[in-house]
Each structure stands twice: as structure tokens, then as C-alpha cells.
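# Structural description and commentary
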Amino acid sequence: MVTVDARGRIVVGTDGSGSAHVAVDWAAGTAAERGGKLLIVWAVPELSSGGRVSSSRVLTDDVLSSVRAEVGRRLTEERDRVVQRFPDLDVAAELVVGGPAEVLVEASKGAELVVVGARGWHSSLTAQVLGGVSDAVATHAHGLVAVVPETTHAGQTGPVVVGVVDVPEAVAAVRVAIAEAVARGVPLVALNAWDLGFVDVDISELKTDLARMLDDILKPLLAGAPGLTVEKRVVLGRPADALLHASHGASMVVVGSRGHEGFLGLRLGSTSRAVLRASRCPVLVARLGQPS
């Protein structure tokens, strides 16, 4: 597999789809706001004219060359489009032969951030399904990953939303969410949600206890951001539902991952996975053990 030099860059994957255009625009805007560098990557699977007789009749060398030339042309157009919108932004574009998910996961080892669209050409048409590449990158990446839904639009200035519970991956997500809120100059919404089902308890007393726990978790984490506006919410209900509701009008939702300590798909918990599939704003996946 061919690798890309992603060091010090925000890397965004594209396949020419509408959702990929939205992801590229969001990544470019983020890079421009932070004085960073952008790398647009279009990864095409390995195609060969060898092998079975049926495929060799179709995938001739001329056809393969034409495919790569067309992808290269469209990638150049995408770069030019971004440069026109952000003339001061350092923008590079690279056509890579390899599996898109594998290329982006490898790039995540050195990138500041990897950005993918929620769905591409090869994903299900069902609105609530996360694209295969997005799913794989969010699950297996080595650094920060942002999954950008097609509902994202330019100029979203709402708060950064994060769920707060006393587990390591959630605390890591809170650290990242604080940094993002400070960088974007927007408030932080720290949300604590508990689904108690049909348990009969004193709701008022429970909310008081949960609010106290929320304060205890947040206090040391907010010490380095004294000017940050923080809204604390205690909600009774499914955490995923609470985060998805808060994603309406937010600029970003941050969720946690167990990083490489987990096992394959289990690195993303059920709440994080549900938010990735249905959020109305970009979702940032923070890794456990990753520097904040």
C-alpha cells in the first residue's frame, strides 16, 4: 500500500461524491481557521488487467490509464476549487492506489486530523447508515477523526457538545472537546445522561447527585480554560438520544473511543457509534491515550 506524507496536515478523503465535497469544505475551513495545511486524498483500489480472462478483457491497460487520468483530473479540480475559496491555505492533493480506509487509517498516524464524509458512493442509500470507509476509519484510526454528515453547512457556530461520564475514554473526549471549543471560540455543552428505564427513584435528588458528579469530573479538566463558557446539562434518558438531540445547532459533537486497547468494532462503544450514524453536525472521535 502506498502511504502519504500527512505530517502536520489535516487530511481529508474524497471519492467525488456529494458527501465528500461537504467533508472537503469542512476540512478546508477548519485548516484555514487554524492556519494549518490541508491534504486532499483520493484513494482508488488496486486495479489490474491480469487475473481472470473476463476481467482482462475489460480492464485493459488503456482503460486503467483512463480511469486514473479521470480521477486525477477531478482531484485537481477539487484542489483548485478549495484554493479559490481559501487562497491563503496551503492545499495539496494526492492520488493514491490502495483501499481508501486503509490509506486514511495509515495517514492518521501522522496527521493532525483525518476527515471523512459520512457516506460515499459505495455506501447504503439508507439515510441512517454510516458509510463503510467512514466506519472503518473512525474505528481503526490512530488519531483524531472527524466524520462530517451531509447536513453540515458553512458557518456553523453552535457549541461543542460532549457527553461526560467517569470512564477514561469519556474523560479523554472531554479534554478534546474543551480544546475544540476554545479553538473555535464557542461554548461547551457538557452533557450527562442516564437511562434508568422504569426504576422508581426520586428524580430531583438523583439530578442533584448527577450534577454534583458532573462538576467533580469537569472541574480539573476546565482549569486550563478559564474563559470558556460551559453549559452543564443533566438529562434522564439514553445518552445517544441526548447527544443526537444536542447535535441540532451544534458545531461539533465529541465522542470517545477506547483507542487500540479495544477489540475491533468494540473500540467504539454503542453510544459513539449511534451518534456517528445520525448526528446533524460533525462528530469528532477522540482516542484514549491520545495527547489533548
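I will try to describe carefully the structure that is included in this document.

Calculation notes
- Residues numbered from 1 in each chain as written.
- Predicted model: local features only at pLDDT ≥ 70, side-chain atom pairs only at ≥ 80, totals over all residues.
- Heavy atoms only, no water.
- Helix = DSSP H or I, 4+ residues; strand = E, 2+ residues; numbered from the N terminus.
- Buried < 20%, exposed > 50% of the residue type's maximum accessible area, 1.4 Å probe, protein only.
- Contact = heavy atoms within 4.5 Å.
- Polar contact = N/O pair within 3.5 Å; in protein donor to acceptor, adjacent residues only side chain to side chain.
- Axes fitted to C-alpha atoms, helices over the stretch in contact; angles between N-to-C directions.
- Parallel < 35°, antiparallel > 145°, perpendicular 65-115°, else oblique.
- Left-handed = near helix turned anticlockwise from the far one by under 90°.
- Nonpolar A, V, L, I, M, F, W, Y, C, P; charged D, E, K, R; others polar.
- Expected span 1.5 Å × (residues − 1).
- Salt bridge = Lys/Arg side-chain N within 4 Å of Asp/Glu carboxyl O.
- Pairing = 2+ DSSP bridges.

### A word on the environment of Pro149
By the secondary structure assignment, Pro149 is in the loop between strand 5 (145–148) and strand 6 (160–163). You can call Pro149 buried: its relative accessible area is 9%. Pro149 sits 130 residues away from Ser19 along the chain, and the two C-alpha atoms are 6.9 Å apart. Not counting residues up to four positions away in its chain, the partners in contact with Pro149 are Val22, Ala118, Ser279, Arg280, Cys281 and Pro282.

### A short note on the side chain of Glu78
Relative to the elements of secondary structure, Glu78 occurs in helix 3 (residues 61–85). There is a polar contact of 3.0 Å between the side chain of Glu78 and the side chain of His21. Apart from the residues within four sequence positions on either side, Glu78 is in contact with Thr14, His21, Val24 and Ile40.

### A short note on the packing of helix 4 (residues 100–107) against helix 5 (residues 132–140)
Where helix 4 contacts helix 5, the two axes come as close as 9 Å, and the packing angle between them is 30°. By the angle class used here, helix 4 and helix 5 are roughly parallel. The element helix 4 and its partner helix 5 pack so that their crossing is right-handed. Here Pro100, Ala101, Leu104 and Val105 of helix 4 lie close against helix 5, whose contacting residues are Val133, Ala136, Val137 and His140. Of the residues assigned to the contact of helix 4 with helix 5, the class counts are seven nonpolar, one polar and no charged.

### What to know about helix 6 (residues 168–184)
Here helix 6 is 17 residues long and its end C-alpha atoms lie 25 Å apart, about the 24 Å a rise of 1.5 Å per residue gives. Burial in helix 6 covers these residues: Ala170, Val171, Ala172, Ala173, Val174, Val176, Ala177, Ile178, Glu180, Ala181 and Arg184. Just past helix 6, the residue Gly185 takes up positive phi, approximately 70°.

### Let's talk about the pattern of salt bridges
Per the stated rule, a full pass over the model turns up 16 salt bridges. With a shortest N-O distance of 3.0 Å, Glu78 and Arg81 are connected by a salt bridge. A residue pair is termed a helical-turn pair when its members lie 3 or 4 positions apart in one helix, as Glu78 and Arg81 do in helix 3 at three residues. Where salt bridges share partners, they join Asp25, Glu78, Arg81 and Arg85 into one cluster.

### Re the sheet that holds strand 9 (residues 252–257)
The strand order across the open sheet built from 10 strands is 3-2-1-4-5-10-9-6-7-8, with neighbouring strands paired in mixed fashion. For this open sheet the edge positions go to strand 3 (90–97) and strand 8 (230–236), each flanked by a neighbour on one side alone. On average, each strand axis in the sheet is tilted by 25° relative to the strand beside it, whichever way the strands run. Relative to strand 5, strand 4 (residues 113–117) runs parallel, the two sharing four bridges. Along strand 5, the bridge assignment pairs Val115 with Ala146.

### A word on helix 4
The set of residues buried in helix 4 consists of Ala101, Val103, Leu104, Val105 and Ala107. If you follow the buried residues of helix 4, they end up packed against strand 1 (9–13), strand 2 (37–44), strand 3, strand 4 and helix 5.

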